[in-house]
Amino acid sequence: ALDEVEGISRFRISSIEPDLLDDEIIGFVAGSSKFLPHFHIPLQSGSNKILKDMHRKYSRELYASRVKKIRELMPDACIAADVIVGFPGETDENFDDACSFIHGLEISYMHVFTYSKRNNTLAATMEGVVQDKVKKQRSDLLHTISDQKKKMFYHQNRGREVSVLFESDNSQGFMHGFSENYIKVKTVYNPELVNRVVKV
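Now for a quick tour of the structure.

About the criteria used
Residues numbered from 1 in each chain as written. Predicted model: local features only at pLDDT ≥ 70, side-chain atom pairs only at ≥ 80, totals over all residues. Heavy atoms only, no water. Core = buried A, V, L, I, M, F, W, Y, C linked by side-chain atoms within 4.5 Å. Buried < 20%, exposed > 50% of the residue type's maximum accessible area, 1.4 Å probe, protein only. Helix = DSSP H or I, 4+ residues; strand = E, 2+ residues; numbered from the N terminus. Contact = heavy atoms within 4.5 Å. Salt bridge = Lys/Arg side-chain N within 4 Å of Asp/Glu carboxyl O. Pairing = 2+ DSSP bridges. Axes fitted to C-alpha atoms, helices over the stretch in contact; angles between N-to-C directions.

This next bit is on the nonpolar core. Membership of the largest hydrophobic core comes to 28 residues, with the highest contact counts inside it found for Leu43, Tyr63, Ile70, Ile102, Ile107, Met110 and Leu142. Within the residue set of this core, elements represented by two or more residues are helix H1 (23–31), strand E1 (38–44), helix H3 (60–73), strand E2 (78–85), helix H4 (92–103), strand E3 (109–114) and helix H5 (132–156). Apart from residues lying up to four places away in sequence, Ile70 is in contact with Leu21, Ile26, Phe39, Ile41, Pro75, Ala77 and Ile79. Counting residues in each nonpolar core, the second largest holds 12 residues, with Ala80, Phe153, Met175 and Val198 among its members.

Here it is in structure tokens:
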């Protein structure tokens, strides 16, 4: 129904769990002129053991299959992942396993979060607390991997014509906007471009 609404040209789907992101939704977005090729899919961990400990309703294999399906239908889509480091019980082996999996995923970048204890949660009672120093090291490594993936994603889009919706910010004489597949673009500030979609 939203796809038929007049006067709105862009929709982005926010976080959607991989077990809820089925072929029908992916196919719909691929064929839509308003729903943009941009997916934010929480992974949380690339280790099946940790996913199980987190009580997630999916495996990393399911996650990989969702990414593969998106890439088949929308090769230039932006795919972002959320990843948590330092969940209780996460060993060096679990983390290395997760990193290996993430390296092989065709995602565009990651939001990396460091686990922090929350009272009245099951995780707060779990053994295997990860030291803060180790959590920071793991976070730093995943941020590096994310930066590499984002750079590669941007490089793959060089030379393409995209539609950018420019925003109203004016930062030292420049303004910014985002392409359909969430590539950040900047140009010299021009008030006539604010809230306009422009081919670049």
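Here we take up unusual backbone geometry. Of note in the backbone geometry, Gln44 takes a positive phi value of approximately 75° without being a glycine. With respect to the helices, strands and loops of the structure, Gln44 is situated in strand E1. For Gln44, a relative accessible area of 9% gives the class buried. Positive phi, close to 65°, is recorded for Asn120, a residue that is not glycine. Within the fold, Asn120 resides in the loop between E3 and H5. According to the relative accessible area criterion, Asn120 is exposed, its value standing at 85%.

Now for the pattern of salt bridges. According to the stated counting rule, one finds 9 salt bridges in the structure shown. Between Lys49 and Asp53 there is a salt bridge, with the nearest N and O atoms lying 2.7 Å from each other. With Lys49 and Asp53 both in helix H2 (residues 48–53), this residue pair falls 4 residues apart, about one helical turn. Residue Lys49 is classed as partly exposed on the basis of its relative accessible area, which comes to 41%. The shortest N-O distance in the salt bridge between Arg138 and Glu90 comes to 2.8 Å. Here Arg138, found in helix H5, pairs with Glu90, found in the loop between E2 and H4; they are 48 residues apart in sequence, far enough to count as distant. Because the salt bridges share partners, they merge into one network encompassing Arg60, Glu61 and Asp97.

Pairing of strand E5 (residues 174–178) with strand E6 (residues 184–188) involves 5 bridges; the strand directions are antiparallel. Counterpart to Gly177 in the pairing with E6 is Val185. The turn linking E5 back onto E6 is made up of 5 residues, and Tyr182 within it adopts a positive phi angle of 60°.

Here we come to the sheet that holds E5. Pairing is antiparallel across the open sheet formed by 4 strands, whose spatial order is E6-E5-E4-E7. Sheet topology places E6 and strand E7 (197–199) at the edges, where each strand pairs with a single neighbour. On average, each strand axis in the sheet is inclined to that of its neighbour by 40°, with strand direction left out of account. As defined by bridge partners, strand E4 (residues 163–166) adjoins E5 across 2 bridges and the pair is classed as antiparallel. By the bridge assignment, Phe166 is partnered in E5 with Gly177.

Purely geometric stuff here, so don't read any function into it on its own.
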